[in-house]
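What follows is each chain in one-letter form.
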Amino acid sequence: MDIRMYIDGEWVDAANGETRDIINPLDQSVITQAAEGSREDAVKAVQAARRAFDKGPWAATPASERGAYVLKVAQLIERDKEELAELETLDTGKTMGESRADMDDIAGVFHYFAGLADKDGGEYIASPLPDSDSKIVREPVGVCGQITPWNYPLLQAAWKIAPAIATGNTIIVKPSEITPLTTVKVFQLMEEAGLPAGVANLVLGKGTDVGAELSESVDVDLISFTGGIETGRKIMQSATSNMKKIALELGGKNPNIVFADADFDLAVDQALNAAFFHAGQVCSAGARLLVEESIHDDFVKAIVDRVKNIRLGSGQDEETQMGPLISAEHLSKVENYIEIGKQEGATVAVGGGRPDDKTLQKGFFLLPTIFTDCRSDMRIVQEEIFGPVLTVETFTSEEEAVEKANDTVYGLAGATFTTDISKAERVASGLRLGTVWINDFHPYFAQAPWGGYKQSGIGRELGKVGMEEYTETKHIFRNTNPEALNFF
Ligand SMILES: NC(=O)c1ccc[n+]([C@@H]2O[C@H](COP(=O)([O-])OP(=O)(O)OC[C@H]3O[C@@H](n4cnc5c(N)ncnc54)[C@H](O)[C@@H]3O)[C@@H](O)[C@H]2O)c1
Ligand SMILES: C[N+](C)(C)CC=O
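Residues numbered from 1 in each chain as written. Chains lettered and ligands numbered in written order. Predicted model: local features only at pLDDT ≥ 70, side-chain atom pairs only at ≥ 80, totals over all residues. Heavy atoms only, no water.

Per an unreviewed UniProt entry, the protein chain carries the name Betaine-aldehyde dehydrogenase and comes from Marinococcus luteus. UniProt, in its Pathway (unreviewed entry) section for the protein chain, records the words "Amine and polyamine biosynthesis; betaine biosynthesis via choline pathway; betaine from betaine aldehyde: step 1/1." As stated in UniProt under Sequence similarities (unreviewed entry), the record for the protein chain gives "Belongs to the aldehyde dehydrogenase family." (UniProt positions renumbered as here; feature names shortened; annotations may be inferred.)

Focus: the overall build of the protein chain
When helices and strands are counted, the protein chain shows 15 helices and 20 strands. Principal axes of the C-alpha set define a box for the protein chain whose edges measure 80 × 55 × 40 Å. Classification of the 488 residues of the protein chain by burial places 56% in the buried group. Across the protein chain, the fraction of contacts at a sequence separation of at least 24, relative to all contacts at a separation of at least 6, is 74%. Here the protein chain has roughly 19900 Å² of accessible surface; of this, 49% comes from carbon and sulfur atoms. (Helix = DSSP H or I, 4+ residues; strand = E, 2+ residues; numbered from the N terminus. Buried < 20%, exposed > 50% of the residue type's maximum accessible area, 1.4 Å probe, protein only. Contact = heavy atoms within 4.5 Å. Areas by Shrake-Rupley, 256 points an atom, 1.4 Å probe, with all protein chains shown as cover.)

Focus: the UniProt feature "domain: Aldehyde dehydrogenase" (unreviewed entry) in the protein chain
Feature annotation in UniProt assigns "domain: Aldehyde dehydrogenase" (unreviewed entry) to the following positions: residues 11-476. Span residues 11-476 is 39% helix and 19% strand, its end C-alpha atoms 41 Å apart.

Concerning the side chain of lysine 160
When you line up the elements, lysine 160 lands in helix α5 (residues 153-166). The residues contacting lysine 160, other than those within four sequence positions of it, are Gln146, Ile147, Thr148, Ser224, Phe225, Thr226, Glu461 and Tyr470.

Some points on the site of ligand 2
Inspection of the region around ligand 2 gives Asn151, Tyr152, Leu155, Gln156, Trp159, Val282, Cys283, Ser284, Tyr444 and Trp450 as its neighbouring residues. Asparagine 151 places a polar side-chain atom, nitrogen or oxygen, 2.8 Å from an oxygen atom of ligand 2. Cysteine 283 places a polar main-chain atom, nitrogen or oxygen, 2.7 Å from an oxygen atom of ligand 2. Taken by itself ligand 2 offers 250 Å² of open surface, and the protein chains cover 98% of this. A domain-level breakdown of the shell around ligand 2 finds at least three residues from each of domain 1 (5-250 + 456-475) and domain 2 (255-438). (Near = heavy atom within 4 Å. Polar contact = N/O pair within 3.5 Å; in protein donor to acceptor, adjacent residues only side chain to side chain. Domains from an automatic or database assignment.)

Topic: unusual backbone geometry
Unusually for a residue other than glycine, glutamine 28 sits at a positive phi of about 65°. The residue glutamine 28 is located in the loop between β3 (19-23) and β4 (30-35) in this model. Despite not being glycine, asparagine 486 has its phi angle at roughly 55°, a positive value. On the secondary structure map, asparagine 486 appears in the segment after β20 (471-479). Judged by its relative accessible area of 67%, asparagine 486 falls in the exposed class.

Re the nonpolar core
If you look at the biggest cluster of nonpolar residues, it comprises 137 residues, and the most contacted ones within it are Phe110, Phe299 and Ile380. Shared between two domains, this core takes at least three residues from each, and those domains are domain 1 (5-250 + 456-475) and domain 2 (255-438). In contact with isoleucine 380, not counting residues within four places along its chain, are Lys253, Tyr337, Ile340, Gly341, Glu344, Ala346, Phe371, Cys374, Ile385 and Thr391. In this structure, Ile257, Leu290, Leu431 and Leu433 belong to the second largest nonpolar core, which totals 10 residues. (Core = buried A, V, L, I, M, F, W, Y, C linked by side-chain atoms within 4.5 Å.)

Right, here's the structure in full:
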């Protein structure tokens with residue numbers, strides 16, 4: 001597959017000719033080489049997007065027509081779903097089941113925003129002044145930079161691309177430099193759908209070059225970023241160059257609260273799903289288990305027994321339940337956290353190292369790991385590890401559970417398991433999180449907003465509110481009987 005950039009309707013190599021090896025996390029083989037863009041390429045893409053917004057017809061194209069383009073992209077994604085899923089698995093190591101679920105979500109997101117594109121006709125409000133009309137309309141923000149991470153490469157891009165182009169913006173997408181494959185493929189599909197030149201641009205390359213250029217550029221009106229908290233901080237600072245709008249989807253340290261009255265088997269099953277789906281490399285992973293003290297020992301025994309049976313392997317093998325981590329660098333970061341946990345006095349109940357299986361030695365595999373005897377003040381409980389590592393704490397009252405769950409700088413998502421629905425509703429209301437699941441973990445879909453409280457982010461993606469992030473609100477006031485005031 002030709003991994004080049006798409007700028008102003010043309011597929012191009014990096015201006016300086018640089019390329020990067022794209023590594024398969026399963027066995028460290030080189031999948032392909034990708035163009036490695038620089039600031040120079042980012043500047044060209046911003047200029048193309050600027051021209052397409054300021055001079056092109058895109059923003060003024062009827063919303064129903066823009067919606068039709070977005071719908072066409074959805075249909076092309078559905079047509080190529082299996083190929084896209086295979087590419088995502090190759091690039092990230094996630095299982096084919098996980099990749100197929102991503103592709104379903106991605107097609108759903110394009111369908112949803114295609115449908116919303118022409119639904120907002122503005123609104124008249126009751127003007128308090130006589131002889132006047134007062135109308136509120138929403139218009140596109142302008143040129144949008146969109147920076148995405150490696151864990152859900154295409155899904156996170158789709159959440160940004162679909163609402164942005166549906167509302168008449170022009171975009172420059174910068175995927176993670178280590179996982180560009182599916183984003184490139186979807187740009188090929190957008191070209192096939194007939195999107196005009198300059199409306200959607202793709203620049204590959206490092207965050208510190210391409211990403212920084214997009215965040216600093218005074219020609220970019222909005223930056224939408226999904227990634228780590230420290231990168232988010234830098235982007236927020238760079239965005240002050242022209243006070244661009246920012247949307248930040250950052251990390252999480254997500255609590256999963258299990259009460260003694262929960263359906264035990266369901267809660268065990270979902271605690272594993274929460275923590276180990278995609279090897280825990282999920283912003284909303286339920287990495288922090290809070291179990292009511294009276295069932296702690298039984299619960300830990302049950303999850304440890306099941307964790308021992310999790311099948312590690314190639315994402316392409318339909319029997320595999322957990323793939324490798326994304327890179328050598330990330331594996332070493334997660335292993336370091338396991339050492340920190342031991343030094344802090346937590347107990348490794350299961351896992352804690354790399355697998356012995358000889359067939360897995362070339363991949364970035366780590367055994368699913370559970371720490372017990374954890375305290376809220378430990379680094380492994382407070383910091384986002386972003387790997388298959390679960391910490392377990394206990395509580396003895398509803399109030400203590402909520403207090404402990406809220407005791408991190410993050411506020412992305414979390415869950416509670418109980419058969420007492422009133423208790424579940426009280427807990428959901430007490431949690432300072434953007435998403436709360438009751439008796440479930442992980443569901444998200446195009447219709448519901450996604451985003452974080454506290455340091456998990458700013459703004460929301462998905463839902464109507466996610467669409468509004470890509471619009472400016474304008475008040476148009478018309479005096480229907482103008483007369484001179486003669487003040488001066
Ligand atoms: N809240 C959410 O919805 C959500 C979803 C997925 C991932 N995440 C978070 O993403 C993180 C993992 O992803 P990652 O390791 O790719 O994150 P990262 O912050 O290292 O990188 C994300 C993107 O930012 C770019 N980047 C890096 N430095 C930059 C800079 N100085 N200026 C501009 N761009 C820069 C990278 O090249 C990449 O494209 C985790 O913290 C995870 O929780 C959050
Ligand atoms: C937003 N989500 C859950 C799809 C991916 C987070 O990493």
